[in-house]
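Each chain, letter by letter, is given below.
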Amino acid sequence: MQISHRSQGVLHRATQRHSKTLQSRTISLRRPLQGNQGNRIRSNSNDEVDESNTLPNPSPVSPTTISLLREKVFSLDTFFVTSVDNYGENGVLFKGNIRGNPSEIQKTLQRRLDDEVGGYKLFLLQDRDDKPVSVILPSSSAEFQVSPAAEWALSIALGMVTLATTLNISNAQLFNLALLEFKFEPEQILAALPSTIATIIILGAHELGHSIAAKKEGISLAPPLFLPAGLGLLGTFGSITRVTSDVQNRETLAKVIAPGPIAGTIVSFAFVLVGLALTSTGTMGGVELDTASFRESFLVGGLARAAFGDNVFTAESVDCNPLLVAGWAGLIINSINLIPCGELDGGKLSLAAFGRQGSQLVSVISFIALGIGSFVNGLALFWLLLVLTIQRGPGVPCQEEISGLNQGLKTIIILLLVLPLMVLLPFPLIEDNTMSNLPPF
């Protein structure tokens, strides 16, 4: 699941110590406000502040309006402003000290801002030194330009393609793009239905988890955009779901994001266990897996070893039940989504648990780990390229990112972030030539 706003790239830079002009298109303001280079900003007491409060570039907001904001919006009992900087082409960044509960203060400041000016959004963030900053941007900078009808049409179209790629990866053999071959074999499609239906149920559980949690928190979601695949066990990479309303704080973000991968992982794990049980008895097989594949997952390899013994790693192949393959694919999909990078679910959960600076460190470590792993595991290189290609954006901004999580919720997130290690890391190599415990081939 992905939460995105057009403002996220701008707000990401709120962690910078000094402001700089951002390369973004000019957004028309509700009130056209212009400033002059070198204008000094005065404090509430009308005393001149030091040189750090002198705007280095022409301000997008006039000094009069900035003074109004300092006097009518900010106050000693909420956010005491110590300095002001330009913020891009149409925003202002206020540095200062916060007095009280950050989430309640953000709501109070936003209400005052609406009363005094209107047409702007206020965000409470942290800079690189973990000190509070307030960023004010035009509301239009967060508007999404795609219509709901277009999103629904795209969702349905991608859903149909994902259905086709999932059937194809389940041996329905609908198409071969390399050979430009397309065919329709009813018997093969029927044989592919168990795995395909199981995959759809897993995707549905993931999205339903997000949807129920979002409704409970008063958050609106756009229709999911499914990502077709067709590699290895995967007929899909999962889906992207955009949040269409503001996320108040990191706790709300965690409560909306976490239920998706939790639900998807539970359903996937259930399918793996049922599939292993059916495979061990030789019931309804049909998917031939190279046993070397079981070495590519610590979790699934460990479960296979428990079910079949160490020799599962030395036989040539195993005739697996389709539910085992679908459940394994579901674990991979949810694990990819939980890699703590960018706009993946894991990236947003990392932001919720560790804050913006901490999540950026975790993201860098994850990229390095994937890069190192790619030298010994082709799958790690694939995951790295996937994240860099379609999920490299910064974490979604909340209206208030200063307050953290309670320890229970933080522990749940940490456990979730361990899942990719369990699923995507390889099982230790085992040498064993006995084959007595393997299921029927």
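This section reports on the structure supplied with the text. (Residues numbered from 1 in each chain as written. Predicted model: local features only at pLDDT ≥ 70, side-chain atom pairs only at ≥ 80, totals over all residues. Heavy atoms only, no water.)

### Looking at the overall build of the chain
For step 1, the next point in the chain: When its secondary structure is counted, the chain shows twelve helices and ten strands.
For step 2, the next point in the chain: Taken over 441 residues, the chain has a buried fraction of 52%.
For step 3, the next point in the chain: Within the structure as shown, the chain displays about 20100 Å² of accessible surface, and the carbon and sulfur contribution to it stands at 59%. (Helix = DSSP H or I, 4+ residues; strand = E, 2+ residues; numbered from the N terminus. Buried < 20%, exposed > 50% of the residue type's maximum accessible area, 1.4 Å probe, protein only. Areas by Shrake-Rupley, 256 points an atom, 1.4 Å probe, with all protein chains shown as cover.)

### Some details on helix α9 (residues 322–337)
For step 1, the next point in the chain: Counted at 1.5 Å a residue, the expected span for α9 with its 16 residues is 22 Å, and the 23 Å between its end C-alpha atoms agrees.
For step 2, the next point in the chain: In terms of burial, α9 is a largely internal element, 16 of the 16 residues being buried.
For step 3, the next point in the chain: The N-cap residue of α9 is N321: its side-chain oxygen and the backbone nitrogen of L323 are 2.9 Å apart. (Expected span 1.5 Å × (residues − 1). Polar contact = N/O pair within 3.5 Å; in protein donor to acceptor, adjacent residues only side chain to side chain.)

### Digging into the packing of helix α4 (residues 148–172) against helix α5 (residues 186–217)
For step 1, the next point in the chain: The N-to-C vectors of α4 and α5 enclose an angle of 120°; their axes lie 8 Å apart at closest approach. Taken as axis vectors, α4 and α5 run oblique relative to one another. Here α4 runs over α5; the crossing is right-handed. Residues L163, T166, L167, S170, N171 and A172 of α4 lie in contact with α5, whose contacting residues are Q188, I189, A192, L193, S195, T196, T199 and I200.
For step 2, the next point in the chain: Its residues assigned to classes, the contact of α4 with α5 comprises seven nonpolar, seven polar and no charged. (Axes fitted to C-alpha atoms, helices over the stretch in contact; angles between N-to-C directions. Parallel < 35°, antiparallel > 145°, perpendicular 65-115°, else oblique. Left-handed = near helix turned anticlockwise from the far one by under 90°. Contact = heavy atoms within 4.5 Å. Nonpolar A, V, L, I, M, F, W, Y, C, P; charged D, E, K, R; others polar.)

### Let's talk about a nonpolar patch on the surface
For step 1, the next point in the chain: Among the surface-exposed residues, F298, F354, I414, V418, L421, M422 and L425 lie close enough to one another that they form a single nonpolar patch of about 550 Å² accessible area.
For step 2, the next point in the chain: It is helix α12 (residues 407–424) that provides the largest number of residues to the nonpolar patch, a total of four residues. (Patch = residues over 30% accessible without salt bridge, like charges linked within 9 Å, V, L, I, M, F, W, Y side chains within 5 Å. Salt bridge = Lys/Arg side-chain N within 4 Å of Asp/Glu carboxyl O.)

### Description of the pairing of strand β2 (residues 91–98)
For step 1, the next point in the chain: Most of β2 is tucked away: six of the eight residues are buried.
For step 2, the next point in the chain: For strand β1 (residues 79–87) and β2, the ladder comprises eight bridges, and the chain directions are antiparallel. In the sheet register, D85 faces β2, and the bridge partner there is L93.
For step 3, the next point in the chain: Alignment of β2 against strand β4 (residues 132–138), held across four bridges, turns out to be antiparallel. Pairing of F94 across the sheet is with S134, part of β4. (Pairing = 2+ DSSP bridges.)

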